[in-house]
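# Secondary and tertiary structure notes
In case you want the letters, here they are:
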Amino acid sequence: MTDRKAIVYQIVSLWLIALALRVGHLLLSLSQIGLQRLSTLAPDTGAYRLVAEYFLSGGTVGEETIFQVGPGYGLILAALEWLFGPDPLPTLVFSVFMGSLGPVLVYLLAYCLIRSRTVALITGIFVALSTTSISLSCMVLSDQPFFTIHAAALVCFVLGFRTGKTSWFVAAGIIAGLATLVRGTSQFWWFVFALVGLVVPVPERFPSRLAVVRKACLTGGVMLIMVLTWSARNYLEHDIFVFGGNGVSAARAYSAALAVANHTEDADILDIRERWVQEDREYFGDHEPTMTERYYRARDHLWHTLTSHPDWFLEVFLSSVKGNVLTGNYMVRSQTPEFLPLWNRLNAIHGKWFAHLLFYTALLGLVFLVADRQHLAWILLGLTYCYFTLITGFSFWQGSRLHYPATMAWAILVSYALCRLAFLSCSLITLLNRKLDLSARFRILARKSSR
């Protein structure tokens, strides 16, 4: 079997396995909690449906929500509703389909970076078996579509480095921009693209460092244009030049509130939130604040809290990052409650040692990539893991969902580490066999024992 045929065989097999697992989980969830409950399980789903109605019916209802969460996923829901009606099943089928493509795209990313079918296959299996990926594939949420689209952008970006073709860099920027419109988590990723071009050693197909920087900045520039275009739309509509308001709102309601609560006697985060609601009412008085006024109030209050007690905020931020890395999958428990004891045991195992094992094995994989001079791989995967890990520090209480995008990095790093450890183990056994002639010793022992 040729290498190309082997790759196609692995991709098709991986996609079918991933699809079967997600369809199976969808059917189990439907049998246990029903279609209506499954399609409205996440609180965020209501916001995305409101955006969809905004596109379908027009008017001003949903304008604040689209400012908060962005237009991408709501537009997808609107298109599905326009094509198939209000039945939520087509939306879940779409999520399952996107979820089944996720392992395939991370497989391609691993292969394009490292050129090892074994590493790529193990990587794809990790993503295919991920309970977080499986459960998010059966939810009306933006997480899984974002993951799949962003992984596709990274594949195009790497292909640009491998081939030197401008078209791949442009495609990477467009797809990354679309991913950001679906979920604003990656709105600063344009900087990562440019940074890779600045630090990666000049590939063979590029004549100079300047050529590398130009191509990488082309990707970042195309993406940045899409981000700024939506920000300009928000400025024209609401006089706020930001991509979305959800980041400020979440940071204030989660990290800032917890930071204050941790240093306030006899108060928890809910008490602090309620206190701030009362302060907002007093601040605006009898005047009903506009969306713009509420945003600026939240932004200014967040900045005041951060600058007044940066140590409090940093403490909460780092604690949230650690918690989100170690936290297991909570969503799957609500989807299939009949298996609740099993999920509780698995989450306990995940938090006690499995998440730690994945983290340190990923770091080992990063070290191996550096030692093996796989520069593009360790730089891109390292930045990907750091970005999607650190950004979780602004929120919590959502289980492994927040850290899920980092899977497209750690799955490759862990797979590479396992393959390198297996290779080193085989090399060590071979070396010991040569030095000590273990096979001859075993034959002698066998003869003595047979006498």
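The structure presented is a predicted model; accordingly, all values stated were derived computationally and were not measured.

## Quick look at the overall build of the protein chain
Tallying secondary structure elements over the protein chain gives 21 helices and zero strands in all. In terms of overall dimensions, the protein chain is globule-like: its C-alpha atoms have a radius of gyration of 25 Å, near the 22 Å expected for 451 residues. Of all 451 residues assigned to the protein chain, the portion counted as buried reaches 50%. When contacts within the protein chain are restricted to residue pairs at least 6 apart in sequence, long-range pairs at least 24 apart make up 74% of them. Here the protein chain has roughly 22000 Å² of accessible surface; of this, 65% comes from carbon and sulfur atoms. Charge separation in the protein chain, taken as the distance between the mean sites of 36 positive and 28 negative side-chain charges, equals 25 Å.

## A closer look at a nonpolar patch on the surface
Residues L342, L346, I349, W353, F354 and L357 make up a contiguous nonpolar surface patch of roughly 520 Å² in combined accessible area. Mapped onto the fold, W353 is located in helix α18 (residues 340-371).

## Remarks on helix α1 (residues 3-33)
The periodicity of an α-helix, 3.6 residues per turn, causes residues three or four positions apart to be oriented the same way. End to end, α1 covers 45 Å across 31 residues, agreeing with the expected 45 Å (1.5 Å per residue, within 8%). Inspection of α1 places A6, I7, Q10, I11, L14, A18, R22, H25, L26, S29, Q32 and I33 among the buried residues, and these make up the whole buried set. Elements in contact with the buried residues of α1: α2 (35-39), α6 (89-114), α7 (117-129), α8 (131-136) and α17 (331-335). Just beyond α1, the residue with positive phi is G34, at close to 85°.

## What about the packing of α18 against helix α19 (residues 375-390)?
Axis separation between α18 and α19 bottoms out at 9 Å; the angle between their running directions is 155°. Judged by the angle between their axes, α18 and α19 are roughly antiparallel. Classified by chirality, the crossing of α19 by α18 is left-handed. Here α18 contributes F359, L366, L369 and V370 to the contact with α19, which in turn contributes A377, W378, L381, G382 and Y385. Each residue belonging to the contact of α18 with α19 can be placed in one class, and the counts come to eight nonpolar, one polar and no charged.

## Overview of the side chain of T392
Counting through the fold element by element, T392 comes out in the loop between α19 and α20 (407-436). Residue contacts for T392: discarding those within four places in its chain leaves S320, V321, N324, L402 and H403.

## Focus: the environment of G221
Structurally, G221 can be placed in helix α12 (residues 209-238). G221 gets classed as partly exposed once you look at its relative accessible area, which sits at 25%.

Procedures and definitions
- Every chain is numbered independently, its residues counted from 1 as its sequence is written.
- Under the rules for a predicted model, residues below a pLDDT of 70 receive no local features and side-chain atom pairs below 80 are neither given nor counted, while totals for whole chains, interfaces and linings still include all residues.
- Side-chain measures here rest on the full set of heavy atoms in the structure, leaving out hydrogens and waters.
- A run of H or I in DSSP counts as a helix once it spans at least four residues, and a run of E counts as a strand once it spans at least two, with each numbered from the N terminus.
- Radius of gyration: over C-alpha atoms. The globule rule applied is 2.2 Å multiplied by the number of residues raised to the 0.38 power.
- Each residue is assigned to one of three classes by its accessible area relative to the maximum for its type, calculated with a 1.4 Å probe on protein chains only: buried under 20%, partly exposed between the two thresholds, exposed over 50%.
- Any pair of residues with heavy atoms lying within 4.5 Å of one another is described as a contacting pair.
- All accessible-area figures derive from a Shrake-Rupley calculation using a 1.4 Å probe, and residue coverage is judged against the displayed protein chains alone.
- We treat Lys and Arg as the positive residues and Asp and Glu as the negative residues; His and chain ends play no part in the count.
- A charged residue contributes its charge at one atom only: NZ of Lys, CZ of Arg, CG of Asp or CD of Glu.
- Two distance rules govern patches: like charges are joined within 9 Å, and nonpolar side chains (Val, Leu, Ile, Met, Phe, Trp, Tyr) within 5 Å, applied only to residues with over 30% relative accessible area and no salt bridge.
- Take a side-chain nitrogen of Lys or Arg and a carboxyl oxygen of Asp or Glu: if they are within 4 Å of each other, that pair is a salt bridge.
- Take the residue count of a helix, subtract one, and multiply by 1.5 Å to get its expected span.
- Simply put, an axis is a line fit to the C-alpha atoms, just over the touching stretch for a helix, and the angle between two N-to-C directions goes from 0 to 180 degrees.
- By definition in this entry, angles of less than 35 degrees are roughly parallel, angles greater than 145 are roughly antiparallel, angles of 65 to 115 are roughly perpendicular, and the rest are oblique.
- Should the near helix be turned anticlockwise from the far one by less than a right angle, the crossing is termed left-handed; should it be turned clockwise, right-handed.
- Note on residue classes: Ala, Val, Leu, Ile, Met, Phe, Trp, Tyr, Cys and Pro are nonpolar, Asp, Glu, Lys and Arg are charged, and everything else, Gly too, is polar.

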